[in-house]
Amino acid sequence: MSSSLASRLAALVGEAAVSTDPARLREAARDLTEIRGVAPEVVVRPAEVAHVQAVLRFATAEKIPVVPVIYNTNIGGLAIPQRPGCILLDMAGMNRILSVNPDDLYMVVEPGVRWDQVKDHLDRNFPQTRFAYSLSPPDTSVLANCLMDGLLNLSLRFGTSSTWLNGVEAVLPDGTLVRTGAAAWTQAQWCTSSPMPDLTGLFVNLHGTTGIVTKASVRLQHAKRLRRRFFMMGYDLRACFATVRALVREEICDDIGVLTWPVAKMLFGERRPTWRDPGEPLAMIYLDVSSNRQAEMDLRLAILEETLDASRKSGHAWQGPLDVRDLVKIEPAFQKLAEFPTRLDFMLDHPGGGLSWVGTYGPTSRWDEATETSLRIMQEHGFPPFGVARPMAQGHFGVLRLIETFDRDKPEEAAAVAKMNAAIVEAILPMGFIPYKTPEWVFAAHGSRIDPGFRELLRRVRTAIDPAGVLNPGKWPV
Ligand SMILES: Cc1cc2nc3c(=O)[nH]c(=O)nc-3n(C[C@H](O)[C@H](O)[C@H](O)COP(=O)(O)OP(=O)(O)OC[C@H]3O[C@@H](n4cnc5c(N)ncnc54)[C@H](O)[C@@H]3O)c2cc1C
């Protein structure tokens, strides 16, 4: 062990779980984004809950910061140490699907369980169930996504991923093991958080600052026999949003979203498309429909056609709806959008591998102006106007995400991304679009606008749970 800290940790959890490999430490100081932190002093990869308890007890007694991480793809610098001398707690090694209950529609997973692992396990063993998938790479964490309130392909119907949590098991900084949801009272089930006080929220959207989650009960849904995915190409952004709103009101789809034109060009291999040929569509709408009955499916598709016809009659041009299976026959590149989980290589595999975004949740009533404003800012900064908008939770709110790829090894590109992201948040936060998986720089620029009473409440909760302030310091600063 190359440091005394590493040796002391090895005495607690075994040498095999502790690393001071310089390359691993260096890599941990950054993620895919432009955000930079400092290298941890040591990495611990727990194999069991007792390891997590031992590390946290030790860190709290010694006041050593602990930063939890799984696959580090949160796109917000949320698992990067901000202070020197910290322990990086790599939870990827705890990666078992502990149980699946198809009748009560839940599974219990450890932090390292990945999207592809869940898909494979359910398809093979529990085909009567389905889970929702994000557009995150297949080899990233399901549980981290739930803790960060992520967006999934069934989020229009069932809400963002934190609402899929029935409860968690977590280790508090002093080593205490806690459970939330029904399993806090009965070992007989973990299919709901009701009627318990909802303390799962203590671990959601707080980026590991209140406890280290060691398992979670996550909801499954009933599988549907028939599933179709369509793409429609639109030439007017406002008409696209109007059509999405109309289709959400009809309640015919599992998921629907607007992708702006650079996505199509990037799918076909263009690295940074800043031009659009006249006559090319401005946006693609994608839409998922599922049902157990052909007659119901036919009715849903008829409503889709009717809605598009109404838009056409009011003067808007559309191509489609095009079935993704036909699109794949014509252009195999569309396969990436045909089945989830999927690896969006056009966003990841390019020189320097940088990916950043401003991802927000906000009111769908102000999508149009927030999107137009953001896309204009992106173009003014020399970036492709690459945006994604999706309604969530039956349309109660929506996602607006402005995405850019760049070369992480070029400081001038990283600086340009940071400047553009800052300008976007400055413009759309006043419209009600709050950055999710909130990066530290957003708090630095806009944290003073958070209600003082809310800040005080959060400060008291955090201080009560983590009086030594060791858990992921710098995140959600209050
Ligand atoms: C191309 C691409 C597309 C993406 N698309 C989506 C998308 O469609 N929807 C979406 O929601 N996300 C998306 N993401 C974001 C992200 O990849 C996913 O949310 C993913 O599931 C995060 O998993 P992770 O293992 O990388 O988490 P990490 O980044 O390792 O961790 C996330 C946060 O959880 C904390 N943490 C880690 N372990 C614990 C623990 N055990 N207890 C408490 N806190 C912990 C970390 O400190 C950090 O704050 C995308 C990312 C990429 C690169």
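Residues numbered from 1 in each chain as written. Predicted model: local features only at pLDDT ≥ 70, side-chain atom pairs only at ≥ 80, totals over all residues.

### Brief notes about the overall build of the chain
Scanning the chain from N- to C-terminus turns up 15 helices and 19 strands. On C-alpha atoms alone, the chain measures out to a radius of gyration of 23 Å, which is about the 23 Å that the 2.2 N^0.38 rule sets for 478 residues. Looking at the chain as a whole, 46% of its 478 residues are labelled buried. At a minimum sequence separation of 6, the contacts of the chain that also span at least 24 residues come to 69%. (Helix = DSSP H or I, 4+ residues; strand = E, 2+ residues; numbered from the N terminus. Rg over C-alpha atoms; globule rule 2.2 N^0.38 Å. Buried ≥ 20, exposed ≤ 12 C-beta atoms within 10 Å, placed from the backbone. Contact = placed C-beta atoms within 7 Å.)

### Re the sheet that holds strand E17 (residues 387-392)
An order of E15-E12-E14-E13-E17-E18-E16-E19 is seen for the eight strands of this open sheet, with the pairing classed as antiparallel. Taken across any chain shown, the strands that pair with only one partner, and hence form the sheet edges, are strand E15 (318-323) and strand E19 (434-435). Bridge count between strand E16 (residues 353-362) and strand E18 (residues 397-407): ten bridges; the pairing is antiparallel. Its bridge partner being in E18, Leu355 is matched across the sheet by Thr405. The sheet strands contacting helix H9 (residues 294-313) are strand E12 (226-234), strand E14 (283-291) and E15, and the helix crosses E14 at an angle near 155 degrees. Against the sheet, helix H13 (residues 411-428) engages E16, E18 and E19, with an angle of about 5 degrees to E16. (Pairing = 2+ DSSP bridges. Axes fitted to C-alpha atoms, helices over the stretch in contact; angles between N-to-C directions.)

### Details of the site of the ligand
For the ligand, the set of nearby residues contains 34 residues, the closest of which are Ile70, Ser141, Ala144, Gly150 and Gly208. For the shell around the ligand, the secondary structure elements donating two or more residues are strand E3 (66-69), helix H5 (142-147), strand E10 (212-219) and helix H11 (345-348). Taken together, the residues of the shell around the ligand break down into 22 nonpolar, twelve polar and no charged. (Near = placed C-beta within 6 Å. Nonpolar A, V, L, I, M, F, W, Y, C, P; charged D, E, K, R; others polar.)

### Structural notes on the domain arrangement of the chain
As far as domains go, the chain holds domain 1 (4-92), domain 2 (93-222) and domain 3 (226-435). The gap between the C-alpha centroids of domain 1 and domain 2 is 23 Å. Domain 1 puts 19 residues into the contact, and the matching count from domain 2 is 21 residues. When residues of the side of domain 1 that touches domain 2 are traced back to their parent elements, those giving at least two are helix H3 (49-62) and strand E4 (87-90). No other element matches the six residues that H3 contributes to the side of domain 1 that touches domain 2. Residues that form the side of domain 1 that touches domain 2 fall into these classes: twelve nonpolar, four polar and three charged. (Domains from an automatic or database assignment.)

### Description of helix H15 (residues 452-465)
The terminal C-alpha atoms of H15, which comprises 14 residues, lie 20 Å apart, in line with the 20 Å expected from a rise of 1.5 Å per residue. H15 sits mainly on the outside: zero of its 14 residues count as buried. (Expected span 1.5 Å × (residues − 1).)

### Notes on the nonpolar core
Within the largest apolar cluster, 125 residues are counted, with the highest numbers of intra-cluster contacts made by Val44, Val55, Val66, Ile87, Leu89 and Ile285. In this view, Val66 contacts Val55, Leu56, Ala59, Cys86, Ile87, Leu89, Val470 and Leu471; residues no more than four positions away in its chain are not counted. (Core = buried A, V, L, I, M, F, W, Y, C linked by C-beta atoms within 7 Å.)

### Some thoughts on the pairing of strand E8 (residues 165-171)
Of all the seven residues making up E8, seven are buried; the element is thus mostly covered by neighbouring parts of the structure. With six bridges connecting them, E8 and E10 associate as antiparallel partners. Across the sheet, the residue bridging to Val171 is Ile212, located in E10. The hairpin formed by E8 and strand E9 (residues 177-179) contains five residues between the paired strands, and Gly175 there has a positive phi angle of roughly 95 degrees.

### As for the environment of Arg376
By secondary structure assignment, the location of Arg376 is in helix H12 (residues 367-380). Arg376 gets classed as exposed once you count the C-beta atoms within 10 Å, which come to 12. With 133 residues separating them in the primary sequence, Arg376 and Thr243 have C-alpha atoms 22 Å apart.

### Details of the sheet that holds strand E2 (residues 42-44)
What the four strands build is an open sheet, ordered E1-E2-E4-E3; its pairing is mixed. Two strands in the sheet have a free side with no partner beyond their single neighbour: strand E1 (18-19) and E3. Across two bridges, the pairing between E1 and E2 is antiparallel. Following the sheet pairing, Ser19 is matched in E2 by Val43.

### What to know about the packing of helix H7 (residues 237-250) against H12
For the pair H7 and H12, the least separation of the axes is 10 Å and the interaxial angle reads 145 degrees. Here H7 and H12 pass one another in a crossing that is right-handed. Between H7 and H12, the residues in contact are Leu237, Arg238 and Phe241 and Trp367, Asp368, Thr371 and Glu372, respectively. For the contact of H7 with H12, the residue count by class is three nonpolar, one polar and three charged. (Left-handed = near helix turned anticlockwise from the far one by under 90°.)

### Quick notes on the packing of H7 against H9
With their axes 10 Å apart at the nearest point, H7 and H9 run at an angle of 145 degrees to one another. Of the two elements, H7 crosses H9, and the hand of that crossing is right-handed. Here Ala239, Thr243, Ala246, Leu247 and Glu250 of H7 come into contact with H9, specifically with Ile303, Leu304, Thr307, Leu308 and Ser311. Split into classes, the residues belonging to the contact of H7 with H9 amount to six nonpolar, three polar and one charged.

### A short note on the environment of Ala23
Position of Ala23 relative to the elements: it lies in helix H2 (residues 22-27). Between the C-alpha atom of Ala23 and that of Ala39, which follows or precedes it by 16 residues, the distance is 9.9 Å.

### A closer look at the environment of Val42
Mapped onto the elements, Val42 comes out in strand E2. Along the chain, Val42 and Ala182 lie 140 residues apart, while their C-alpha atoms are 36 Å from each other. Leave out the neighbours within four places in its chain, and Val42 touches Ser3, Leu5, Ala6, Leu9, Val18, Thr20 and Ile87.

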